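Read off the chains here:
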Amino acid sequence: MKAIWNNTVVADAQAQDLINIEGSWYFPPESIDRNYFKPNYQSNVNDQRGVETYYDIVIDHVRCDKAAWCYHEPVDSSIETIGKDFTDYIAFSSNVEVSE
């Protein structure tokens, strides 16, 4: 599967390597092209999963704010509930197209 923004593939991974959490596809950290990801310095506490860390995607000087997020330290119970460790896996906002 691919994550595409501004006609550029920003993440690419086999479907079996992704994790679906409540309708959002989470890509393994090694599948993203880090050249396009910039820290957003904003975060949000999700009581069920932990602290969400946000990233902007920047391509050709065009920025998509809070285009991606991950959990660097997910709540242990959320890993048990989901059944897979999603630490550092990256999900994308609706501004980013995720497709096969």
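The structure we're discussing is the one just above.
Throughout this document, residue positions are counted from 1 along each chain, in the order its sequence is written. Residues qualify for local features only when their pLDDT is at least 70, as the model is predicted, and side-chain atom pairs are given and counted only at 80 or more; totals for whole chains, interfaces and linings, by contrast, use all residues. No hydrogens and no water enter the side-chain calculation; it runs on all heavy atoms of the structure.

Novice: Which parts of the structure should I look at to understand the environment of Cys70?
Specialist: Here a helix means four or more residues in a row that DSSP labels H or I, a strand means two or more in a row labelled E, and each is numbered from the N terminus. Looking at where Cys70 falls in the secondary structure, it is placed in strand β7 (residues 62–71). In this scheme, a residue with accessible area under 20% of its type's maximum is buried, one over 50% is exposed, and one in between is partly exposed, where area comes from a 1.4 Å probe on protein chains only. Residue class for Cys70 comes out buried when judged on its relative accessible area of 1%.

Novice: Is there a simple way to think about the pattern of salt bridges in this case?
Specialist: Pairing of side chains with opposite charge becomes possible as their charged atoms draw close. The salt bridge criterion pairs a side-chain nitrogen of Lys or Arg with a carboxyl oxygen of Asp or Glu, the two atoms within 4 Å. What the rule picks out here adds up to three salt bridges. The shortest N-O distance in the salt bridge between Lys2 and Asp12 comes to 3.0 Å. With Lys2 in strand β1 (residues 2–5) and Asp12 in strand β2 (residues 8–12), this residue pair connects regions lying 10 residues apart in the sequence. Judged by its relative accessible area of 41%, Asp12 falls in the partly exposed class.

Novice: What is the right way to read the side chain of Asn46 from this model?
Specialist: With respect to the helices, strands and loops of the structure, Asn46 is situated in strand β5 (residues 37–46). Only 2.9 Å separates the side chain of Asn46 from the backbone nitrogen of Gln48, close enough to count as a polar contact. The definition of a polar contact used here is a pair of N or O atoms within 3.5 Å, where within protein one atom must be able to donate a hydrogen and the other to accept one, and adjacent residues in sequence count solely through side-chain atom pairs. A polar atom in the side chain of Asn46 sits 3.0 Å from the backbone nitrogen of Arg49. Apart from the residues within four sequence positions on either side, Asn46 is in contact with Glu52 and Tyr71. Here, two residues are considered to be in contact whenever any of their heavy atoms come within 4.5 Å of each other.

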